[in-house]
Amino acid sequence: MTEQLDDNYWMQQALVLAREAEAAGEVPVGAVLVRDNQLIARGRNQPIGSHDPCGHAEIFCLRQGGQVLQNYRLLDTTLYVTLEPCAMCAGAMVHSRVGRLVFGAADPKTGAAGSVLDLLQQPQFNHQVQVTGGVLATECGELLSSFFDAVARKGNS
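Residues numbered from 1 in each chain as written. Predicted model: local features only at pLDDT ≥ 70, side-chain atom pairs only at ≥ 80, totals over all residues. Heavy atoms only, no water.

Draft legend 1. Spatial organisation of the overall build of the protein. Looking only at helices and strands, one finds five helices and five strands in the protein. Here the C-alpha atoms of the protein give a radius of gyration of 15 Å, agreeing with the 15 Å that 2.2 N^0.38 yields for 157 residues. The principal-axis extents of the C-alpha atoms in the protein amount to approximately 50 × 35 × 30 Å. Scored against the burial criterion, the 157 residues of the protein give a buried share of 43%. In the protein, once contacts between residues fewer than 6 apart in sequence are set aside, the share between residues at least 24 apart is 56%. As displayed, the protein offers around 8,100 Å² of accessible surface, 52% of which is attributable to carbon and sulfur atoms. Counting 11 positive and 16 negative side-chain charges, the protein places the averaged centre of each group 6 Å from the other. (Helix = DSSP H or I, 4+ residues; strand = E, 2+ residues; numbered from the N terminus. Rg over C-alpha atoms; globule rule 2.2 N^0.38 Å. Buried < 20%, exposed > 50% of the residue type's maximum accessible area, 1.4 Å probe, protein only. Contact = heavy atoms within 4.5 Å. Areas by Shrake-Rupley, 256 points an atom, 1.4 Å probe, with all protein chains shown as cover. Lys, Arg positive; Asp, Glu negative; His and termini not counted. Charge placed at Lys NZ, Arg CZ, Asp CG, Glu CD.)

Structure (structure tokens):
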């Protein structure tokens, strides 16, 4: 039960960052990296503003986590992200040795944690990431849906 409460709490923190991304005109995705129930790093989507195709919330969060921990191996950490990671972000999690991923909304188009691909559980890789999906999925999904609905309305006006 405590793990579920912690998961909900940390996903709420990731949602705060997703809303910051949305306010900046970015796709609303947020991420936090946690170890021993302590915040290590934060990230939000910003590929548009940073002109960086790798500017996903998870990438910013993992980079900051490496700096904070002074190690490119993020052992015993949990990454909370509001949207199921893409292949790029899943690969970064494997390479950085994140212990666990918790995501909110599934991504049926590009999700690489089980929806389209499952890169985090590949037995051929030298590291597998434990995955928990669907934490606050409705809230995470509604934030994304409302963002894309607004974008579509702008495009039709």
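Once the structure has been displayed, the description carries forward.
Draft legend 2. Structural detail: the UniProt feature "active site" (unreviewed entry) in the protein. Those places that UniProt annotates as "active site" (unreviewed entry) correspond, in this numbering, to Glu58. Along the chain, Glu58 turns up in helix α3 (residues 57–69). (UniProt positions renumbered as here; feature names shortened; annotations may be inferred.)

Draft legend 3. Seen up close, the UniProt feature "domain: CMP/dCMP-type deaminase" (unreviewed entry) in the protein. When the UniProt feature table is mapped to this numbering, "domain: CMP/dCMP-type deaminase" (unreviewed entry) covers residues 5–117. A distance of 28 Å separates the end C-alpha atoms of residues 5–117, which is 41% helix and 22% strand.

Draft legend 4. Geometry of helix α4 (residues 87–96). Along α4, the positions that sit buried rather than exposed are Cys89, Ala90, Met93, Val94 and Ser96. Against α3, β3 (78–83) and β4 (100–105) lie the buried residues of α4.

Draft legend 5. Structural context of the packing of α3 against α4. Where α3 meets α4, the axes come as close as 9 Å, and the angle between the chain directions of the two elements is 20 degrees. Taken together, the axis directions place α3 and α4 in an arrangement best described as roughly parallel. Between α3 and α4 lies a crossing of left-handed hand. For the pair α3 and α4, the contacting residues are Glu58, Ile59 and Leu62 in the first and Met88, Cys89, Ala92, Met93 and Ser96 in the second. By residue class, the composition of the contact of α3 with α4 is six nonpolar, one polar and one charged. (Axes fitted to C-alpha atoms, helices over the stretch in contact; angles between N-to-C directions. Parallel < 35°, antiparallel > 145°, perpendicular 65-115°, else oblique. Left-handed = near helix turned anticlockwise from the far one by under 90°. Nonpolar A, V, L, I, M, F, W, Y, C, P; charged D, E, K, R; others polar.)

Draft legend 6. Spatial organisation of the pattern of salt bridges. Throughout the structure, instances matching the rule amount to four salt bridges. One salt bridge connects Asp7 with Arg100, and the closest N-O pair in it is separated by 2.7 Å. Residue Asp7 is found in helix α1 (residues 2–23), and its partner Arg100 is found in strand β4; the two are separated by 93 residues along the sequence. When the shortest N-O distance is used, the salt bridge between Arg19 and Glu139 registers 2.8 Å. With Arg19 in helix α1 and Glu139 in helix α5 (residues 137–155), this residue pair connects regions lying 120 residues apart in the sequence. (Salt bridge = Lys/Arg side-chain N within 4 Å of Asp/Glu carboxyl O.)

Draft legend 7. Geometry of unusual backbone geometry. With phi around 55 degrees, Asp36 is a residue other than glycine that occupies positive phi space. If you trace the backbone, Asp36 turns up in the loop between β1 (30–35) and β2 (38–44). Even without glycine at this site, Asn37 takes up a positive phi of about 60 degrees.

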